[in-house]
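Structure at a glance
Next come the chains, spelled out residue by residue.
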Amino acid sequence: MTNSKRSVAGPAPHLGTRALNRATLDRQLLLRPARISAAAAVEHLVGLQAQNVKPPYYALAARLDGFAPEALSRLMADREVVRIVTVRSTIHTHTADDCLTLRPLVQPARDRELANFRKGLAGVDLDRLAALARDLVETEPRTMKQLREALLQEWPDADPQALAVAARCRLPLVQVTPRGLWGHSGQVSLTTAEHWLGRPAGPAATPDAVVLRYLAAFGPASVRDMQTWAGLTRLRDAFERLRPRLVTFRDEGGVELFDLPDAPRPDPDTPAPPRFLPEFDNLLLSHADRTRVVPPEYRGRAWQGNIAHRTLLVDGFLAGLWRLEEHALVIEPFGRLTGAQRDEVTAEGERMLRTMHPETSYDIRFGVVRG
C-alpha cells in the first residue's frame, strides 16, 4: 500500500497512472466485488449515471457481491432511490437523502443553464412558471409533452421546448415509477422530489462535504476533476479550506491531486479483474483527465457522437466494447488479448450474465479486434 502520510514540509509525492488507476478502481468498488447493499453503494458512489434505465443496474452488477437487479428496483419502487437531474445536468439515480440535498447544491448551475434558452423564454416570468409547473406535476405526474402543452397555454409565444426545460431547471423533478424499474417499461412522468418523497428538501449539501464524498468515491483527484464531475465551477476555495485535513500528490503531469489521508491507495501492481461496465458509467466521466482509466490511444473510442457504448475494462483500463445480441454477448477488444486475459474476460462475462440474465442462455463470442 502507498497509504503513508507525507511530511507537511516535504514535497507532494508522485502518483503514476497505474497508482491512480488502482486507487480509483478501489474507491469505485471495481477491484473486488463489494459486500454492501445496493443502497449503500448508491450512497457511496454519490449516485449512478442514469441517462438510460439499465445502466445503474449493470453498474452495480459490476461492483457488488451477490447483486440482483430486483434489489435496486425495489429501492426505486419504495422511493428510497430516485432518478433526477443533478450533477452535469444529467439524470442520476440517487438516494432520497442525496436527491434532497445535492440538487439544491447544483441549483445555481441549473439556473445558469437557462441562459441558453433566453430567446425562447422572452416575456416568461420564471418564478410564475415554476409555481405553475409545480402545481401541475404535484396534482398528477406529467410527461414533458403534457408539461409543454400546459405551459404553452400561459405563454403561447414562447418556445415549447424552452418552457419544459425551464420547468426542469427550476424544479427538482423526479421520474416516477414504473419508469426505471427492472423488467418494466414506462414513459417518463415527472413530479417534484418533495412530493414524491413526502418531505421537504433539506439544506443544500455544503461544497466541503461533497468534496470529501467525491474524493472517497473518485480520488485522488484535482480541483478540475471534481468540477468536471459536478458540473460546477469555483470549487478551489472548498479544497483550500479542507487542505489541512487532506493529503496531496502530483500526477505524471505535475497536477496537484487531493485525497483523504486514510483512503485506500493500493499498490500499482494490484490485480484488477476484467469488468463489464454500462454506457455512461461515472468511472469514465468524472475526471478532467481520464487517462487513469482511458489509455490515450483509446480516447474517444467509447463514444460515437452523443451515443455512449458499453465498455470493457482489462487490467483496470478501457480495453474494448461489448453488447448483448439476441443470444450472444459480443465482446470487441481494441487490441489483442492474451489467452489468459480472454479466459478472465469470458469468466467475468459469465458472472455478469448470471447476475443480470439468469433465465436466458447467451453464447459468448469475441468480435473483430478493433486495433
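Residues numbered from 1 in each chain as written. Predicted model: local features only at pLDDT ≥ 70, side-chain atom pairs only at ≥ 80, totals over all residues. Heavy atoms only, no water.

Topic: the nonpolar core
- Counting 34 residues, the largest nonpolar core has Leu 60 and Phe 67 as the members making the most contacts within it.
- Within the residue set of this core, elements represented by two or more residues are α2 (38-44), α3 (55-61), α4 (69-77), β11 (310-314), β12 (317-324), β13 (328-333) and α13 (339-356).
- When residues in this core are grouped by element, the largest group, 5 residues, is from α3.
- If near-sequence neighbours (up to four positions away) are discounted, Phe 67 is found in contact with Ala 38, Tyr 57, Leu 60, Ala 61, Leu 72, Thr 355 and Met 356. (Core = buried A, V, L, I, M, F, W, Y, C linked by side-chain atoms within 4.5 Å. Buried < 20%, exposed > 50% of the residue type's maximum accessible area, 1.4 Å probe, protein only. Helix = DSSP H or I, 4+ residues; strand = E, 2+ residues; numbered from the N terminus. Contact = heavy atoms within 4.5 Å.)

Details of the packing of aromatic side chains
- Scanning the model with the defined rule gives 10 aromatic pairs in all.
- Their ring planes at 20 degrees and their centres at 5.2 Å tell us that Tyr 214 and Phe 218 sit as a pair that is stacked. Highlighted residues: Tyr 214 and Phe 218, both in helix α10 (residues 207-218), separated by 4 residues, approximately one helical turn.
- Here the aromatic rings of Phe 239 and Phe 258 are separated by 5.0 Å at their centres, their planes lie at 55 degrees, and the arrangement is tilted. One end of the pair, Phe 239, is in helix α12 (residues 236-242); the other, Phe 258, is in strand β7 (residues 256-259), with 19 residues separating them in the sequence. Each member of the pair, Phe 239 as well as Phe 258, carries the same accessibility label: buried.
- Geometry around Trp 196 places Arg 79 over its ring, the cationic atom sitting 3.4 Å from the centre. (Phe/Tyr/Trp six-rings, centres within 6.5 Å; stacked < 30°, edge-to-face > 60°. Lys NZ or Arg CZ within 6 Å of the ring centre and 35° of its normal.)

What to know about empty space enclosed by the protein
- Under the counting rule described, the total for this entry stands at 3 cavities of 30 Å³ or more.
- Looking at the largest cavity, its volume works out to about 90 Å³.
- Leu 48, Gln 49, Ala 59, Asp 281 and Asn 282 are, among the 14 residues lining the largest cavity, the residues nearest its centre.
- Those elements that provide at least two residues to the lining of the largest cavity are β1 (48-49) and α3.
- Taken together, Pro 278, Glu 279, Phe 280, Asp 281, Leu 284, Leu 285, Ala 302, Trp 303, Ala 308, His 309 and Thr 311 make up the lining of the second largest cavity.
- Its residues assigned to classes, the lining of the second largest cavity comprises 7 nonpolar, 2 polar and 2 charged. (1 Å grid on protein atoms, 1.4 Å probe; cavity = no way out; pocket = protein on both sides within 12 Å on 5 of 7 lines; lining within 4 Å. Points joined across faces, edges and corners; volume = space filled by probe spheres on them. Nonpolar A, V, L, I, M, F, W, Y, C, P; charged D, E, K, R; others polar.)

Observations concerning the sheet that holds strand β5 (residues 190-192)
- Strand order across the open sheet formed by 5 strands is β1-β3-β2-β4-β5, with antiparallel pairing between neighbours. At either margin of the open sheet sits one strand with a lone partner, and together these are β1 and β5.
- Summarising the sheet, β1 and strand β3 (residues 91-95) pair through 2 bridges and their orientation is antiparallel. Opposite Leu 48, over in β3, you have Thr 93 as the bridge partner.
- Against the sheet, α4 makes contact with β2 (81-85) and β3, and its axis sits at roughly 75 degrees relative to β2, the strand it touches most.
- Helix α6 (residues 126-139) rests against β4 (173-175) and β5 of the sheet, and its axis sits at about 115 degrees to β5. (Pairing = 2+ DSSP bridges. Axes fitted to C-alpha atoms, helices over the stretch in contact; angles between N-to-C directions.)

Some remarks on the pairing of β7
- Burial along β7 is two-sided: the residues Glu 256 and Phe 258 and Leu 257 and Asp 259 are all buried.
- Of the strand pairs in this sheet, strand β6 (residues 247-250) and β7 are connected by 4 bridges, and their pairing is antiparallel. Counted as the bridge partner of Arg 250 is Glu 256 from β7.

Comments concerning the side chain of Ser 189
- Take Ser 189: it is sitting in the loop between β4 and β5.
- Ignoring any residue separated from it by four or fewer positions in sequence, one finds Ser 189 in contact with Pro 141, Arg 142, Thr 143, Val 174, Gln 175 and Val 176.

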